[in-house]
Amino acid sequence: MTGIGTDWRAVDGVATAWFDAPSLVEGAVLAGRIVELSAEIVVDLRSTGVRVRLDSGEHAEAVSAAARDLGLAANPAVLQQLSVVFESANPSVVGRFWQRVLDYAPGEDGGLADPLRRDPAIRIRQSTEPRPLRNRIHLDVVRPAAAVEQANLGEASGPYGVCHSDPDGNEVDLVPGEVLGEKIGTADWQAVFSAMACYRITSPAQQRDLATAAAALADDAGFPLLVDLRPGLVIIDSGKDQWEGDAHGLELDFTDLAGNLQTAARELGATADPGLPRFAQLFLDAADVAAVRAFWVAALGYTHDRRAGVSDIHDPRRLNPVLVFQELDASDAERRRQRNRIHFEVAVPSDLAQTRLATAVAAGGRLLDESQDRWRVADPEGNEMVIVGNLRDGVVSGRSRSWN
């Protein structure tokens with residue numbers, strides 16, 4: 001990371017910066033300048049700022065200069081990247097299952113990576129430790145109905161008929177999405193827990209103009225829209241459940257905003273790709289939901305869902321996956337004692353790793369082991385998180401071309 005400026009940090013081996021912005025419109029101005037530098041830069045536009053990720057340091061100073069010119073300050077303290085780690089005696093077999101579930105691409109470390117660079121990476125580590133009981137962690141994945149059918153995972157089980165298990169018994173609820181409402185003007189949108197539309201674009205100017213239009217429409221409505229810019233693509237997303245009135249708490253019918261966004265995209269010549277929307281979240285079973293939830297809120301810097309009776313916690317910038325908690329029978333002692341086959345890995349800037357560790361321990365975590373740049377911590381019921389605070393292999397790594 002030497003030489004690319006103080007705004008930037010290595011997060012999971014990628015040069016990353018966050019610039020605070022007071023609105024989507026002001027953030028979109030920075031996003032527009034960034035995509036004109038290079039079509040390969042990954043930009044996440046939020047109502048509170050802009051995250052930028054670079055596969056090399058080539059454009060770092062130009063991005064920082066554009067932010068300074070607009071009066072936007074970097075805030076490295078908020079940077080983190082959450083991934084999911086499976087431990088398995090048969091990594092290749094488990095990997096093939098999850099590749100079909102998520103439509104991911106092979107990653108550089110033998111795991112799987114989201115080609116859209118939105119949802120958490122899957123890492124698969126060799127392990128021969130026997131863990132026959134049902135995990136306390138599972139995933140929910142929502143994709144368009146046609147994509148779920150194409151995954152061809154076989155007969156589903158569970159109370160909702162959507163649960164599948166990999167060869168090790170790790171579970172996923174693979175849920176078919178549906179179109180957003182019945183309005184003709186929202187045909188580009190899919191309801192995949194989030195309301196989402198993915199638009200193919202043909203030039204940086206078109207990408208800039210669509211991001212700018214989406215930001216203006218969302219700010220006018222007072223809605224904290226998520227707008228992600230990828231090579232050849234603009235992804236417009238409500239965030240989990242935020243298209244529903246009881247979740248966003250605004251005097252707003254989100255389908256009206258979705259219709260206006262669709263009109264703007266089509267007028268700019270963007271083309272919706274209905275097969276791309278995907279939503280992934282993480283479930284943790286806990287005997288003491290309040291205590292376990294409090295740990296993860298503190299350890300990840302997450303925020304409680306505003307709705308009463310909902311156990312979700314989420315990244316306040318909605319850059320990392322939602323965590324949901326459900327009650328585990330406290331008498332199920334054997335399952336509680338068994339170490340999970342799945343744990344989470346959170347990469348943070350190296351200069352913030354010790355602070356993150358102290359926060360996790362103060363919230364009820366137990367430090368299990370540590371190495372030079374990795375700390376394994378258990379929550380009050382033994383669910384594990386590994387804090388990674390340094391560069392992978394000592395360098396800012398490029399990403400496989402299949403990610404883009």
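Quick notes on the rules
Residues numbered from 1 in each chain as written. Predicted model: local features only at pLDDT ≥ 70, side-chain atom pairs only at ≥ 80, totals over all residues. Heavy atoms only, no water. Helix = DSSP H or I, 4+ residues; strand = E, 2+ residues; numbered from the N terminus. Buried < 20%, exposed > 50% of the residue type's maximum accessible area, 1.4 Å probe, protein only. Contact = heavy atoms within 4.5 Å. Axes fitted to C-alpha atoms, helices over the stretch in contact; angles between N-to-C directions. Parallel < 35°, antiparallel > 145°, perpendicular 65-115°, else oblique. Left-handed = near helix turned anticlockwise from the far one by under 90°. Nonpolar A, V, L, I, M, F, W, Y, C, P; charged D, E, K, R; others polar. Expected span 1.5 Å × (residues − 1). pLDDT = per-residue confidence, 0-100. Polar contact = N/O pair within 3.5 Å; in protein donor to acceptor, adjacent residues only side chain to side chain.

### Re the environment of Leu225
Thinking step 1. Within the secondary structure layout, Leu225 lies in the loop between α5 (204–221) and β15 (226–230).
Thinking step 2. A relative accessible area of 0% means that Leu225 is categorised as buried.
Thinking step 3. Each C-alpha atom, one on Leu225 and one on Leu24, is 8.0 Å from the other, the two residues being 201 residues apart in sequence.
Thinking step 4. Setting aside residues up to four positions removed in sequence, Leu225 forms contacts with Leu24, Leu45, Arg46, Ser47, Ala214, Ala218, Ile236, Asp237, Ser238, Phe254 and Leu261.

### A short note on the packing of helix α8 (residues 289–300) against helix α10 (residues 353–362)
To describe two helices that pack against each other, one gives the angle between their axes and the distance between the axes.
Thinking step 1. Look at α8 against α10: their axes get within 8 Å of each other, and the N-to-C directions meet at 165°. Relative to α10, α8 is oriented roughly antiparallel. Like other packed secondary-structure pairs, α8 and α10 cross with a definite hand, here right-handed. Where α8 abuts α10, its residues Phe295, Ala298, Ala299 and Leu300 lie against Arg356, Thr359 and Ala360.
Thinking step 2. Residue classes in the contact of α8 with α10 are distributed as five nonpolar, one polar and one charged.

### Comments concerning helix α7 (residues 254–267)
Thinking step 1. With 14 residues, α7 ought to run about 20 Å at 1.5 Å a step, and its terminal C-alpha atoms sit 20 Å apart, in line with that.
Thinking step 2. Along α7, the residues that are buried comprise Phe254, Thr255, Leu257, Ala258, Gly259, Leu261, Gln262, Ala264 and Ala265.
Thinking step 3. On its buried side, α7 packs onto β14 (194–200), α5 and β16 (233–237).
Thinking step 4. Where α7 terminates, the next one or two residues include Gly269, which has phi positive at roughly 85°.

### Observations regarding the confidence of the model for the protein
Close inspection of predicted coordinates is inappropriate for parts of the model with low pLDDT.
Thinking step 1. When pLDDT is averaged across the protein, the result is 93; 96% of the residues are at 70 or more.
Thinking step 2. Counted against residues more than four places away or in other chains, residues 392–404, with its pLDDT under 50, gives 39 contacts.

### Details of the side chain of Asp119
Thinking step 1. Structurally, Asp119 can be placed in the loop between β7 (112–113) and β8 (122–126).
Thinking step 2. Among the polar contacts listed, one links the side chain of Asp119 to the side chain of Arg278, at a separation of 3.0 Å.
Thinking step 3. Not counting chain neighbours up to four residues away, the residues in contact with Asp119 comprise Tyr104, Asp114, Arg278, Phe279 and Ala280.

### Here we look at the environment of Ser92
Thinking step 1. As for its position among the elements, Ser92 is in helix α3 (residues 91–102).
Thinking step 2. Here Ser92 falls in the partly exposed class, since its relative accessible area comes to 48%.

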